[in-house]
Amino acid sequence: MRFNNVLMCLLSLTAVSAYAQTIPNDQIDYAAFKQIVLDTEQYRESRRLSEDDFITALKEPGVILLDARSGPAFALRHIKGAKNLPFTDFTEQTLAEVVPDKNSRILIYCNNNFVGSPRAFATKAAPASLNLSTYTSLRAYGYENVYELGPVLDVRTAKVVFEGAEVGS
């Protein structure tokens, strides 16, 4: 009986897979997405910064601090000097407006870098962290000089400077 259940599951998965392959869409490339994720893993890890290194990098000329959270979350609290482009709005054109030079050094952070401000920084499931999506998407659009805030920081004790409605500016 158990073998029959396993066999039925395999046949069902094969049927679903075959069906999915029959619907063409040249604007979606799952294989390329998977490859970018795999290629980015070690590259990204070598570009995660401590809070002190992140603050030092913020002071470098030409650095762009990109916050890919929603506009309302950004308005509540963000790192001072950040430019907001919600992840859902990433396109070749919108990214070029915020980061015109693909060689620019870009610093990113997300909800999962902060605690103590649940409305502005609502924690996402770890595999759905916005840093992961933002990082891989920036690479998909040709931005290679991306660095990321690594640790989880408490907004009440963090050294980074915040601005927004929650902090009174």
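For the structure itself, consult the block above.
Residues numbered from 1 in each chain as written. Predicted model: local features only at pLDDT ≥ 70, side-chain atom pairs only at ≥ 80, totals over all residues. Heavy atoms only, no water.

Chemist: Describe in detail the pairing of strand S5 (residues 106-109), supporting the description with residues and values.
Modeler: Remark: a regular strand shows side chains that alternate across the two faces of the sheet. Taking every second residue as pointing to the same face, both faces of S5 are buried, with Ile106 and Ile108 on one and Leu107 and Tyr109 on the other. Pairing analysis gives four bridges linking strand S2 (residues 64-67) to S5, with the strands arranged parallel. Note that in S5 the partner of Leu65 across the bridge is Leu107. As paired strands, S5 and strand S7 (residues 146-149) are joined by three bridges and run parallel to one another. Looking at S7, one finds that Ile106 is bridged to Val146. (Buried < 20%, exposed > 50% of the residue type's maximum accessible area, 1.4 Å probe, protein only. Helix = DSSP H or I, 4+ residues; strand = E, 2+ residues; numbered from the N terminus. Pairing = 2+ DSSP bridges.)

Chemist: Provide a residue-level description of helix H2 (residues 30-45), including the pertinent values.
Modeler: Helix length check: H2 (16 residues) gives 23 Å between terminal C-alpha atoms against 22 Å at 1.5 Å per residue, within 8%. A bend of about 30° at Asp39 is the largest found in H2. Measuring from the side-chain oxygen of the N-cap residue of H2 to the backbone nitrogen of Ala31 gives 3.3 Å; that N-cap residue is Asp29. (Expected span 1.5 Å × (residues − 1). Bend = angle between axes of the 7 residues up to and from the residue. Polar contact = N/O pair within 3.5 Å; in protein donor to acceptor, adjacent residues only side chain to side chain.)

Chemist: Describe the side chain of Arg105, and please don't skip the residues or the numbers.
Modeler: Take Arg105: it is sitting in the loop between helix H5 (92-98) and S5. Within the structure, the side chain of Arg105 is placed 2.7 Å from the side chain of Glu60, a separation counted as a polar contact. For Arg105, the residues in contact, after removing those within four places along its chain, are Leu49, Ala57, Glu60, Gly62, Val63, Ile64, Asn145 and Tyr147. (Contact = heavy atoms within 4.5 Å.)

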